[in-house]
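# Coordinate analysis (summary)
Given next are the chains, with one letter for each unit.
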Amino acid sequence: MRALVISGGGSKGAFAGGVAEYLIDKKKNNYDLFLGTSTGSLMVTHLALSKLEELKYVYSNVCQRNIFSNNPFVVKTVHGEKVITINHLNTLWNFINGRKTFGESRNLRKFIKKNISEAYYNAVRASDKDVIITVSNLTANQVEYKSIKECTYDDFCDWIWGSCNYVPFMSLLRKNGCEYADGGFGCLVPIREAILRGATEVDAIILETEVTQFNRMPSKNPFSLLSTVFDFMLDHVERHNVTIGKLQAKHNNVQLNLYYTPTILTTNSLIFNKKLMAKWWKYGYKHATKQHLEMNKLKD
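Everything numeric here is computed off the predicted structure, so don't read it as measured data.

### Some details on the overall build of the protein chain
On a plain count of helices and strands, the protein chain comes out with 11 helices and 10 strands. Scaling as 2.2 N^0.38, a compact globule of 300 residues should have a C-alpha radius of gyration of about 19 Å, and the protein chain matches this with 18 Å. In terms of overall dimensions, the protein chain has a C-alpha envelope of 60 × 45 × 35 Å along the principal axes. The burial tally for the protein chain puts 53% of its 300 residues in the buried class.

What follows is the structure in structure tokens.
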């Protein structure tokens, strides 16, 4: 049984799409399990149905308006460089309306239902493939994995939305008496879960560099400090997940193939730039091609 795992990473999901295109279209890998966290959860339904061109169009055309109904960020150009700051007015408006987060991502929920149709949901359920979504249950203090085989269509869309909601900058999902948030808070790279579900070979796309390549700039305000703290925690969650995944793979004699981003794509993955994401998709395809050529040379 073969599994494809895609980590969280916001806009960097475009890079994962390029890698997945190479693995599915070029290498002709046939996967039985598709596991996604955060942005990965947005991709796995299309990948299970081999709808790569459609997924590529989505990741090359998505913008902030598709994600945020109340955007907590402002993107400015200073000396030719993109600078991200907090939109204090939108944040204040959210608090006035009794919201618990700085921004709202209700547009993303609509976007999910528009692009992952009920027909796609039914097609995956009728197939021999399984799609697994990772969510963090903040109320129960545990990570949960939601199979498309065990969800109604509306529930499935909710779980994808919840898995993508990077609180406190995006909406909080309240469902079944619990509060849910980004799956990456608990498990950014669900390699171990893939193995526990029976995978004997796992391809994992990790939307971070394998080695830390930069020092973060000093925080300018409480919001930038919060973002830095979250990035720090998620970096260590990712490394922990990969370490546990490697140990589980060794214990179960599972072949594990890791695909990292070779360079830092962005320092704020909640900013969705169409041109950059289209570029990252091509970059992912080229990088996967190069990695396989190098692997084949080593074998020879």
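### Points about unusual backbone geometry
Cis geometry is found at the peptide bond from Val167 to Pro168, where omega equals 10°. Relative to the helices and strands, Pro168 resides in the loop between helix H8 (153-164) and strand E7 (173-175). For Asn253, which is not a glycine, the phi torsion comes out positive at approximately 55°. With respect to the secondary-structure elements, Asn253 resides in the loop between helix H10 (222-251) and strand E10 (255-260). Residue Asn253 is classed as exposed on the basis of its relative accessible area, which comes to 71%.

### A few points about the nonpolar core
By size, the foremost hydrophobic cluster in this structure holds 65 residues, and its most contacted members are Leu4, Leu47, Tyr59, Leu108, Val131, Phe156 and Ile205. No other element matches the 8 residues that helix H1 (residues 13-26) contributes to this core. Non-local contacts of Leu4, meaning those with residues more than four positions away in its chain, are made with Ala20, Leu23, Ile24, Tyr31, Leu33, Phe34, Leu35, Leu47, Asp203 and Ile205. If you look at the next biggest cluster of nonpolar residues, it comprises 20 residues, including Ala3, Leu35, Ala204 and Ile206.

### Some words on H8
For H8, which comprises 12 residues, the first-to-last C-alpha distance of 17 Å matches the rise-based estimate of 16 Å (1.5 Å per residue) to within 8%. Counted residue by residue, H8 has 10 buried out of 12 residues, so it is predominantly covered. Inspection of H8 places Tyr153, Phe156, Cys157, Asp158, Trp159, Ile160, Trp161, Gly162, Ser163 and Cys164 among the buried residues, and these make up the whole buried set.

### A closer look at the packing of aromatic side chains
Applying the stated criterion to the full structure yields 14 aromatic pairs. Between Tyr22 and Tyr285, the ring centres sit 5.6 Å apart and the planes meet at 80°, which makes this aromatic pair edge-to-face. With Tyr22 in helix H1 and Tyr285 in helix H11 (residues 274-299), this pair connects stretches of sequence that are 263 residues apart. On the accessibility criterion, Tyr22 (7% relative accessible area) is buried. Note on Tyr285: relative accessible area 27%, which makes it partly exposed.

### Overview of the pairing of strand E5 (residues 130-137)
Of all 8 residues in E5, 8 are buried; the element is thus mostly enclosed. Here E5 shows a buried face lined by Asp130, Ile132, Thr134 and Ser136 and a second buried face lined by Val131, Ile133, Val135 and Asn137. In this structure, strand E2 (residues 33-37) lies alongside E5, joined through 5 bridges in parallel fashion. Opposite Thr37, over in E5, you have Thr134 as the bridge partner. The sheet contact formed by E5 and strand E6 (residues 142-147) spans 6 bridges and is antiparallel. When the sheet's bridge partners are listed, Ser136 is paired in E6 with Val143. The turn joining E5 and E6, which pair antiparallel and follow one another in sequence, is formed by 4 residues; a positive phi near 60° is taken by Asn141. The pairing of E5 with strand E8 (residues 178-182) spans 3 bridges and is classified as antiparallel. Paired with Val135 across the bridge in E8 is Asp182.

### Points about the pattern of salt bridges
Inspection of the entire model under this criterion finds 12 salt bridges. Glu104 is the salt-bridge partner of Arg106, the closest N and O atoms lying 3.5 Å from each other. Owing to a relative accessible area of 42%, Arg106 belongs among the partly exposed residues under this scheme. Among the salt bridges present, the one from Glu193 reaches Arg197, with a minimum N-O distance of 2.8 Å. Since its relative accessible area comes to 29%, Arg197 is described here as partly exposed. By sharing partners, the salt bridges in this structure join Arg109, Asp155, Asp158 and Lys175 into a single network.

Cut-offs applied
Here the residue numbering is sequential within each chain, running from 1 through the sequence in written order. Where totals are concerned, whole chains, interfaces and linings use all residues; where local detail is concerned, this predicted model gives features only for residues with pLDDT of at least 70, and gives and counts side-chain atom pairs only at 80 or more. Excluding hydrogens and water, the side-chain values take into account all heavy atoms of the structure. Put simply, DSSP marks the helices as runs of H or I at least four residues long and the strands as runs of E at least two long, and each gets a number from the N terminus on. In this setup the radius of gyration rests on C-alpha atoms only. A globule is expected at 2.2 Å times the number of residues raised to 0.38. Under the scheme applied here, a residue whose accessible area is under 20% of the maximum for its type counts as buried, over 50% as exposed, and between as partly exposed, the area being computed with a 1.4 Å probe on protein chains only. Residues enter a nonpolar core if they are buried and are Ala, Val, Leu, Ile, Met, Phe, Trp, Tyr or Cys, with the set joined through side-chain atoms within 4.5 Å. Two residues qualify as a contact provided that any one of their heavy atoms is within 4.5 Å of a heavy atom in the partner residue. Every helix has an expected span of 1.5 Å times one less than the residues it contains. Aromatic rings from Phe, Tyr and Trp, taking only the six-membered ring of Trp, are treated as a pair when their centres fall within 6.5 Å; an angle between ring planes under 30 degrees marks them as stacked, one over 60 as edge-to-face, and anything in between as tilted. By this definition, two strands are paired if DSSP reports at least two bridges between them. The salt bridge criterion pairs a side-chain nitrogen of Lys or Arg with a carboxyl oxygen of Asp or Glu, the two atoms within 4 Å.

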